[in-house]
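As a plain string of letters, each chain reads:
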Amino acid sequence: MTKIDTVPARLSPSTLTQLDEGVVQPGYEPSHHGVGIVHLGVGAFHRGHQAVYTDSVLALHGGDWRIVGVSLRSPTVAEQLNPQGGLYTVASKGEDSCEYRVIAAIERVIAAATDPHEAIEQMAAPDTKIVSLTITEKGYYRDASTGALATEHPDVVADLNDPQCPRTAVGYIVEALKRRRERGLTGFTVLSCDNLRNNGAATRQVVVEYSELLDADLSRWIERNVTFPSSMVDRICPATTAADREAAAIVLGLDDQGLVVTEPFSQWVIEDRFCNSRPQWEDVGAEMVADVAPYETAKLRLMNGSHSALAYLGCIEGYEFIHEVMSDDSIAAFVRHLMEKEIQSTLHMPDGFDVAQYIESILGRLKNSSLPYRTAQVAMDGSQKLPPRLIASAIDRMDVGQSVSDISLVIAAWIHYVSGEDEHGRRRVLDDPLAYQLANLPSSTTNNANDVVDAALGLADIFESRAASSSVFRNNLVASLDAIVCHGASGAVRR
Ligand code: CS2
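Residues numbered from 1 in each chain as written. Predicted model: local features only at pLDDT ≥ 70, side-chain atom pairs only at ≥ 80, totals over all residues. Heavy atoms only, no water.

Visitor: Quick one: what's the story with the overall build of the protein chain, residue by residue and with numbers?
Guide: Within the protein chain one finds 20 helices and 11 strands. The C-alpha atoms of the protein chain give 23 Å as radius of gyration, which agrees with the globular expectation for 495 residues (23 Å, within 12%). Taken over the C-alpha atoms alone, the protein chain extends approximately 65 × 60 × 45 Å along its principal axes. Taking all 495 residues of the protein chain together, the buried fraction comes to 58%. For the protein chain, the share of sequence-separated contacts (at least 6 apart) that also reach a separation of at least 24 residues comes to 77%. Accessible surface, the protein chain as shown: approximately 19500 Å² in total, 48% of it carbon and sulfur. Taking the average place of the 42 positive charges on the side chains of the protein chain and the average place of its 66 negative ones, the gap between the two points comes to 2 Å. (Helix = DSSP H or I, 4+ residues; strand = E, 2+ residues; numbered from the N terminus. Rg over C-alpha atoms; globule rule 2.2 N^0.38 Å. Buried < 20%, exposed > 50% of the residue type's maximum accessible area, 1.4 Å probe, protein only. Contact = heavy atoms within 4.5 Å. Areas by Shrake-Rupley, 256 points an atom, 1.4 Å probe, with all protein chains shown as cover. Lys, Arg positive; Asp, Glu negative; His and termini not counted. Charge placed at Lys NZ, Arg CZ, Asp CG, Glu CD.)

Visitor: Please give an account of the pattern of salt bridges that cites residues and values.
Guide: Opposite charge on two side chains permits pairing when their charged atoms draw close. Under the criterion given, the structure shown has 26 salt bridges. A salt bridge links Arg108 to Glu107, with the nearest nitrogen and oxygen atoms 2.8 Å apart. Judged by relative accessible area, which is 31%, Glu107 ranks as partly exposed. Two residues, Arg301 and Asp396, come together in a salt bridge whose shortest N-O distance is 2.9 Å. Within this pair, whereas Arg301 is found in helix 10 (residues 293-317), its partner Asp396 is found in helix 15 (residues 382-399), the two being separated by 95 residues in sequence. (Salt bridge = Lys/Arg side-chain N within 4 Å of Asp/Glu carboxyl O.)

Visitor: Describe the site of the ligand, naming the residues involved and giving the relevant values.
Guide: Around the ligand sit Asn195, Val233, Asp234, Arg235, Lys299, Asn304, His307, Tyr373, Val378, Lys385 and Arg389, and those are all the residues in its vicinity. Within the side chain of Asp234, a nitrogen or oxygen atom sits 2.6 Å from an oxygen atom of the ligand. Here an oxygen atom of the ligand sits 2.7 Å away from a polar atom, N or O, in the side chain of His307. Taken by itself the ligand offers 340 Å² of open surface, and the protein chains cover 90% of this. Looking at the shell around the ligand, the elements that each hand over two or more residues are strand 8 (231-234), helix 10 and helix 15. Residue composition of the shell around the ligand, by class: three nonpolar, three polar and five charged. Counting contributing residues, the shell around the ligand receives three or more from each of domain 1 (13-289) and domain 2 (293-494). (Near = heavy atom within 4 Å. Polar contact = N/O pair within 3.5 Å; in protein donor to acceptor, adjacent residues only side chain to side chain. Nonpolar A, V, L, I, M, F, W, Y, C, P; charged D, E, K, R; others polar. Domains from an automatic or database assignment.)

Visitor: Residues and numbers for the environment of Cys486, please.
Guide: Residue placement: Cys486 occurs in helix 20 (residues 471-494). Look at Cys486 and you get exposed, because its relative accessible area is 58%.

Pasting the structure below:
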């Protein structure tokens, strides 16, 4: 790849015409369309997924469906997109293909930490029909075992004490809905696009519980005037790197600080329960269904469960990227076995859904070497990810007396990842909301596996009682942890 010597101009409405002609341009004039959606959490996933579908709807049908993004914590995305008039490029990279497309669906990004009032007012604006979310699992502040709002969490406590200046997504949603109610406006649809089980119902529960603590009448109004459809989202969108931006600048001829790299595959299955109008996403590839649950469960358990398996086995084995772990034949064969022999039997798919083909497609996607995804990125927040991705499958299988040896091996890999020593003889610094509890686990490198597993199973936020109290599960974990500590991840899966 040749380096560029001069700094290219920044992508923006005024430089669009300078784009290389191979780059797909927006099929509409952005300024002719108003805003109908506010999205909380404008990270790479939203920009590579929902915003792309919305961009296609704007090109096909028009309408006032542009998006105002809200970053709840960092101003980085606002700094990347606002000077570009909201424009950014999505680079879809397959093993042998690469398409660059400029997306114009995002009108602007509000950095809520510096301007909470602007974010709330945009959500309370009469034209806002949908507030959608990609705030990651921990952004919901739920007690993982009960699903209830974590009312003792300092961020939730702070929001309850100062609701007009919130920190949490739930705090923003409820304050905006309160203002809409006071102004005689309708509610909006709250659309979760995160990898949670029953993400609509989960969001509804925390919003209703939070509003109940502030104002019971408001809570009843929300129950009557707001809908919370579930949705299953799927597209691999790793964090963009400086090297990605440099490579894109050569193709684009422009500097794009908002670039998103992703894969050609994309899927969105949405429960059709909107309290206002909505974009016709089904005309551009999304599937509107009455019940998302089977799709969501299959995606969380097969796709995300395998992703997490590759992340923990890969980190222990010293692999930096997911596709490198997939090139380890023993681990790749193990992941196929995990899906086909253990997870698949826990699913209840609609007639005509081809699970075997779905598994092949996931394995192909995970091998994609054009889209390096760091194992450490997938490994973060394991305390939030393991319950829906892997522990739920283990519980379903144990309930009917089936074996859980593959799933246990992955969970043992996670235990070793969070409690064992890395190649430098140090415990890892964990990126996880439960990092403090995890740091207190006995080291799996120097302690008996029985003691380490018992301490891990005592983490009630992660292991619900049906898993924590199962001797079958415990014995499998102990044997797997022993195997991993003695033989490494690759050695353990071969055994
Ligand atoms: C990944 C997901 O980082 C992770 O935990 O498993 O972000 C995954 O890439 C997406 O859910 C794919 O749709």
